[in-house]
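As a plain string of letters, each chain reads:
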Amino acid sequence: MNKLYLWGIIITAAMLGATYVTVGYQKGGLNGDIVNMLAIAGAVALVIITMFVVIKYVRQMQTDQASGELADESWDNIGEYKNPVPFGWAIMFIGTMIWGMWYFTIGYPVNAFSQIGQYNEEVKEKDAEFEKKYANIKGEQLVNMGESVYLVECVACHGLNADGNNEVDAADLNQRISEKSIKYVINHGSNNKLLGTEMPMPDRNGLFNAETGALITDKEIDAVAKYVADGLKDANSAGAKVFANVCAACHGPDGKGMAYVAPDIATWNKQLVINVLDNGKKGVIGKMPAMDRLNPKQKEAIAAYVMSLSKGE
Amino acid sequence: MFHWLEKHPFFFAVGVFVVIAFAGLIEIVPNFAQASRPVIGTKPVTLLEQAGRDVYIKNSCNACHSQLIRPFKAETDRYGHYSLSGEYAYDRPFLWGSKRTGPDLMRVGNYRTTEWHENHMKDPKSVMPSSIMPGYPWMFKNSADIDTAYATQLTNAQFFGVPYNKPVPMKDGSTAVVKMADSVAGAHAMALAEAKEITSKMKDQNVKDAVARGEIPEIVALIAYLNSMK
């Protein structure tokens, strides 16, 4: 046995031994896991095959004699034999060229990729999926979707309890409208496109009491604000009387609004919430930015969620 | 000729470099120039916004906030249209950032307001109970550096051709002109006028008083900058 084989056996044994030790002494070892066993079998095969191949070529280098016909050219005395290209290589070479042409022209044309194109495809696909999955949801599902959109888009201002952090950052959505907002609207008017189009409400200099024939007074404002904020329930209060005489002409006797004249101020409805989302809103608390990049279904869902918040009132 | 090149490996290497670099140049440069031209609707920052931008950099907001919306649906749903390279045409330096501890701010002006920023910058936890963003109460006391902002504006206008006092095209077909003052005194007056508009929507009495006295607290400049990010 010559030295080469001896070295081959020694190195193979050492590598197999190392494999055995690393695996065997690891916590759990092979663990009876089929994947681990396959990996080890692969490693053993790799070590043995590598050794065979290495020995073959090292031997060849040691013993081979060059033979064949020399080409005429010689570069700095380095000659070249006129051996034919191995057949397998030639086939692969030509095959690669053909594949390359196919790849660049048909398989994956050079100009076919654009980041934005990929983005557009993604959006189209996701929109279609959304449409298919959610087009017909209603009821509780819609409210749940509304809540999840709320938690992403609105929570920063309206807060986790939807109370606008006590109306410091935004409106309290657990009610239709707060007393301080109503007073502000009466004192300053309102021009927030709540009906979808420009349809302002006059300020106190344009609000007449039909009974007294005079402009609305501070006392009447306090009373009516309280009455509306409480949900227009207490029909015997002073506020109810003021409401009937000043506001009902536009907002309707029950405060539910009239189409093209004035919005519902008793409860939330879908269109009202959507109008706030589309146009934003300015009031006593501050400014709400328009949130018009939500899609129509999400807006509907948010409206359902907002309506569900104030249901208990 | 090629013989000569073969015998002079150094010049051969130079020749190879020139040939490849030239191919790169004609492929890359025109495309790049095209893409980095200002997008229609992109305006230079005003003086107060520039001062706010300096405050933003000074406080390393870009360590936690990016200004780059990638073209993924999840991002454009949340932040708005993906960023275009031309939108950074007047940004010097750009503030893309590389880490989002907080959300992207590229278009924060679309969905946050002066009032909200005031509460949030003073004490982020008061609006977002679980926020890990630090508060910046000193911005309500320290004055913004209008002189430096004005110097930056001048540099940008004179050396980098940023179009101040010139019409820039807007998305709706109109043009807008961002004014730059022609003297330091004029600059201060200009910044103050801008600041008054912001403080009219703010609550903090100390800030309002400071602006009434002619000072501009950092927070006012910062909010002007945040509002301008659309």
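These numbers come from a predicted model, not from an experiment.

Criteria and cut-off values
- Residues numbered from 1 in each chain as written.
- Chains lettered and ligands numbered in written order.
- Predicted model: local features only at pLDDT ≥ 70, side-chain atom pairs only at ≥ 80, totals over all residues.
- Heavy atoms only, no water.
- Helix = DSSP H or I, 4+ residues; strand = E, 2+ residues; numbered from the N terminus.
- Rg over C-alpha atoms; globule rule 2.2 N^0.38 Å.
- Buried < 20%, exposed > 50% of the residue type's maximum accessible area, 1.4 Å probe, protein only.
- Contact = heavy atoms within 4.5 Å.
- Areas by Shrake-Rupley, 256 points an atom, 1.4 Å probe, with all protein chains shown as cover.
- Lys, Arg positive; Asp, Glu negative; His and termini not counted.
- Charge placed at Lys NZ, Arg CZ, Asp CG, Glu CD.
- 1 Å grid on protein atoms, 1.4 Å probe; cavity = no way out; pocket = protein on both sides within 12 Å on 5 of 7 lines; lining within 4 Å.
- Points joined across faces, edges and corners; volume = space filled by probe spheres on them.
- Nonpolar A, V, L, I, M, F, W, Y, C, P; charged D, E, K, R; others polar.
- pLDDT = per-residue confidence, 0-100.
- Salt bridge = Lys/Arg side-chain N within 4 Å of Asp/Glu carboxyl O.

Okay, the overall build of chain A next. Of regular secondary structure, chain A possesses twelve helices and two strands. Across chain A, helices and strands are ordered from the amino to the carboxyl terminus as α-α-α-α-α-α-α-α-α-α-α-β-β-α. Here the C-alpha radius of gyration of chain A, 41 Å, is well above what a compact globule of 313 residues would show, namely 20 Å. With respect to the three principal axes, the spread of C-alpha positions in chain A is 125 × 55 × 40 Å. The buried share of chain A, reckoned over its 313 residues, is 30%. Within chain A, residue pairs in contact and separated by at least 24 positions form 48% of the contacts whose partners lie at least 6 positions apart. As presented, chain A carries roughly 20900 Å² of accessible surface, and 60% of it is formed by carbon and sulfur atoms. If you average the places of the 28 positive and of the 35 negative side-chain charges in chain A, the two averages end up 4 Å apart.

Residue and element names in this part refer to chain B. Overall, the coordinates contain one cavity of 30 Å³ or more when judged by the stated rule. There is about 60 Å³ of room inside the largest cavity. Looking at the largest cavity, the residues that line it are P44, V45, Q50, R53, Y90, R92, N156, V162 and Y164. A breakdown of the residues in the lining of the largest cavity according to their chemical character gives five nonpolar, two polar and two charged.

Parts of the model with low pLDDT should not have their predicted coordinates read in detail. Per-residue confidence for chain B gives a mean pLDDT of 93; residues scoring 70 or more make up 100%. Among the prediction metrics, the complex's ipTM stands at 0.79, with pTM recorded as 0.80.

Here we take up the pattern of salt bridges. Summed over the entire model, instances satisfying the criterion amount to 19 salt bridges over all chains. Of the charged contacts in the structure, one is a salt bridge between E153(A) and R293(A), with a shortest N-O distance of 3.3 Å. Here R293(A) lies in the loop between strand 2 (287-288) and helix 12 (296-309) and E153(A) lies in helix 5 (residues 139-153), a separation of 140 residues in the sequence. With a relative accessible area of 33%, R293(A) lands in the partly exposed category. When the shortest N-O distance is used, the salt bridge between D77(B) and K73(B) registers 2.9 Å. Taken as a pair, D77(B) and K73(B) lie in helix 4 (residues 73-79) at a separation of four residues, close to a single helical turn. On the basis of relative accessibility, which here comes to 41%, the residue D77(B) falls in the partly exposed class.

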